[in-house]
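Residue-level structure breakdown
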Amino acid sequence: RDLTNGVGGNEPEGLVFAAPLGTQTSAAGVIAWEDLVALEHSVDPSYRIGAQWMFHDDVLRDLKQLSDGANRPLWLPGVGAGAPDTILRYPYVINQHMPAAGGAGWAAGQRAVVFGDMSYYWIRDVRGFSIIRLEERYADFLQVGFLAFARADGALVDAGTHPIRHLAIQ
């Protein structure tokens, strides 16, 4: 969750927070195909080679119902064996920690979709993963407890070239 939405400081700088603005939706509270095209072209062409979309499953549900100006669907199933489903010819990743439209729809300013080369978001694991078994503490209830520790951080390696950008709801 923090690697997606963290704002830095005592938590990782999440991908959604780190990605600069690509574009805003053209209408309040609605994602249109023109918005996705604008987001795609806000990313430098050299980063579009390995690019993909990332959004909540509710966004995918809405995007599957969209079509372009020639009434062709934006969502296309993968045709070959192992071929990914695509939106505007780019594969996508479902991330349930991304914002989803609430009961009243999208709130202004939500970062609903990110697009770009996700390999530029780096996750650093510090040392190993530690687990401690706590037997005595829970012995009164015939239980055993476990305590786990892991340290990690994340950051977008940008260098001013913006390999990943986000779509903001107007």
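Scroll up for the structure.
Residues numbered from 1 in each chain as written. Predicted model: local features only at pLDDT ≥ 70, side-chain atom pairs only at ≥ 80, totals over all residues. Heavy atoms only, no water.

Pairing geometry for strand β2 (residues 52–55) and strand β6 (residues 111–116), over three bridges, is antiparallel. Note on β6: the bridge partner recorded for Gln52 is Gly116. Bridge count between β2 and strand β5 (residues 90–94): three bridges; the pairing is parallel. Pairing of Met54 across the sheet is with Val93, part of β5. (Pairing = 2+ DSSP bridges. Helix = DSSP H or I, 4+ residues; strand = E, 2+ residues; numbered from the N terminus.)

This next bit is on the nonpolar core. Counting residues in hydrophobic clusters, the biggest one holds 22 residues, and the most contacted among them are Ile31, Leu36, Trp53, Phe55, Ile87 and Val113. For this core, the elements supplying multiple residues, two or more each, are α3 (33–42), β2, α4 (57–63), β5 and β6. Not counting residues up to four positions away in its chain, the partners in contact with Val113 are Ile31, Leu36, Leu39, Trp53, Met54, Phe55, Val59, Met98, Arg165, His166 and Leu167. Judged by nonpolar contacts, the second largest core, of 11 residues, contains Leu15, Ala18, Tyr121 and Leu156. (Core = buried A, V, L, I, M, F, W, Y, C linked by side-chain atoms within 4.5 Å. Buried < 20%, exposed > 50% of the residue type's maximum accessible area, 1.4 Å probe, protein only. Contact = heavy atoms within 4.5 Å.)

Nonpolar side chains collect at one region of the surface, where Phe129, Ile131, Val144 and Phe146 lie side by side and expose about 450 Å² of accessible area between them. Tracing the sequence through the fold places Phe146 in strand β8 (residues 145–156). (Patch = residues over 30% accessible without salt bridge, like charges linked within 9 Å, V, L, I, M, F, W, Y side chains within 5 Å. Areas by Shrake-Rupley, 256 points an atom, 1.4 Å probe, with all protein chains shown as cover. Salt bridge = Lys/Arg side-chain N within 4 Å of Asp/Glu carboxyl O.)

The backbone of Arg89 sits at a positive phi, close to 75°, despite the residue not being glycine. In this structure, Arg89 sits in the loop between β4 (86–87) and β5.

Within this structure, the stated rule accounts for five aromatic pairs. Pairing Tyr47 with Tyr120 gives two aromatic rings, centres 5.2 Å apart and planes at 85°, and the pair type is edge-to-face. Highlighted residues: Tyr47 in the loop between α3 and β2 and Tyr120 in the loop between β6 and β7 (121–134), separated in sequence by 73 residues. Tyr47 gets classed as buried once you look at its relative accessible area, which sits at 13%. What makes Tyr120 partly exposed here is its relative accessible area of 29%. A centroid spacing of 6.5 Å and a plane angle of 80° characterise the contact between Trp53 and Tyr90, whose relative ring orientation is edge-to-face. One end of the pair, Trp53, is in strand β2; the other, Tyr90, is in strand β5, and 37 residues separate them in sequence. Take Trp53 and Tyr90: they sit in the same class, and that class is buried. These aromatic residues form a ring-pair network of at least three members: Trp53, Tyr90 and Phe115. Above the plane of the ring of Trp75 lies Lys64, whose end atom (NZ or CZ) is 4.5 Å from the centre. (Phe/Tyr/Trp six-rings, centres within 6.5 Å; stacked < 30°, edge-to-face > 60°. Lys NZ or Arg CZ within 6 Å of the ring centre and 35° of its normal.)

Purely geometric numbers; function is a separate question.
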